[in-house]
Amino acid sequence: MNTDEHVALAGELLRLVERRVIDPLEILLGPDGADVPDDLVGPVRERCRIEAEVWAAQLTGRDDQLAVRTAARLIASLFPGDGPFDPPDEWWATAFGRVVARRVGYPGRPAVSFAVAGAMLGITRQGVHDLVKRAKLARHPDGGVTTASVQARLNQPRGLRGARRDEY
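Fair warning: this is a prediction, and the values are worked out from it, not measured in the lab. (Residues numbered from 1 in each chain as written. Predicted model: local features only at pLDDT ≥ 70, side-chain atom pairs only at ≥ 80, totals over all residues. Heavy atoms only, no water.)

(A) Region of the structure containing the overall build of the chain. What the chain contains, in helices and strands, is 8 helices and 2 strands. Ordered by position from the N terminus, the helices and strands of the chain form the series α-α-α-α-β-α-α-β-α-α. Out of the 168 residues in the chain, the part that is buried amounts to 40%. For the chain, the share of sequence-separated contacts (at least 6 apart) that also reach a separation of at least 24 residues comes to 55%. Of the roughly 9,800 Å² of accessible surface on the chain, 53% is carried by carbon and sulfur atoms. (Helix = DSSP H or I, 4+ residues; strand = E, 2+ residues; numbered from the N terminus. Buried < 20%, exposed > 50% of the residue type's maximum accessible area, 1.4 Å probe, protein only. Contact = heavy atoms within 4.5 Å. Areas by Shrake-Rupley, 256 points an atom, 1.4 Å probe, with all protein chains shown as cover.)

What follows is the structure, given as C-alpha cells:
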C-alpha cells in the first residue's frame, strides 16, 4: 500500500468514527439539542484522529493476525447489528472494504455469491463466472465461490492476475 492509499484509508476510518460514534455522542451529551462544549468531545475527536492512523497502519502492516483483529474490532464497533455483518456490495469498493477483503475476506462467510465476489474483486458477476470456469476462483459446494479463493486472488501480485479488469 502506498502513502496515498494509507492516507485515504485513515481518512475514511476517521470519517466513519466521527459519523457513527462521535456525532451520536455529541447528540447524547448535548442538553436538549444544544451544542456540546468542545472540551467534552474535542479530546475524543483528536484521539480518534490519531487512532485512525494507527488502525490504517495495522490493517495494512505485515502482521496478519493484528490486521484481522483490528478489522474485527472496527467492523464490530462501526457496523453493529444483531445479525451477521452484511455490507452492501458498494462497500467493498471503499478503502476500508478493499483492505478487509484482502486481509480478512468476508468475515464469517466461507462462501459468497457471484455478485458479492464481483464487488469484492471490482469486476462484474460475469467476470466472476469466467474466473470460475478457468479455475481462477473456487466454486463452493453450496453455491457461489469460496471466500478464501477471492481473498487469495486479491492478494496475488497484479502481474499474475492479468492486465484486463475482467481478469482481475
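(B) Representation of helix α3 (residues 64–78) in the model. Over its 15 residues, α3 extends 21 Å from the first C-alpha to the last, a length consistent with the 21 Å expected when each residue adds 1.5 Å. Capping of α3 at its N-terminal end is provided by Asp63; its side-chain oxygen lies 3.1 Å from the backbone amide nitrogen of Gln65. (Expected span 1.5 Å × (residues − 1). Polar contact = N/O pair within 3.5 Å; in protein donor to acceptor, adjacent residues only side chain to side chain.)

(C) Region of interest: the pattern of salt bridges. Summed over the entire model, instances satisfying the criterion amount to 6 salt bridges. The partner of Glu46 in a salt bridge is Arg49, with the nearest N and O atoms 2.6 Å apart. With Glu46 and Arg49 both in helix α2 (residues 38–60) and 3 residues apart, this pair spans about one turn of that helix. What makes Glu46 partly exposed here is its relative accessible area of 37%. (Salt bridge = Lys/Arg side-chain N within 4 Å of Asp/Glu carboxyl O.)

(D) Here's a closer look at the nonpolar core. Within the largest apolar cluster, 40 residues are counted, with the highest numbers of intra-cluster contacts made by Leu13, Trp92, Phe96 and Val128. When contributions to this core are tallied by element, the ones reaching two or more residues are α1 (3–29), α2, α3, α4 (95–103), α5 (114–121), α6 (125–133) and α7 (147–154). Of all the elements, α1 adds the most residues to this core, at 7 residues. Contact partners of Leu13, with chain neighbours within four places excluded, come to Ala52, Trp55, Ala56, Leu59, Leu74 and Phe96. (Core = buried A, V, L, I, M, F, W, Y, C linked by side-chain atoms within 4.5 Å.)

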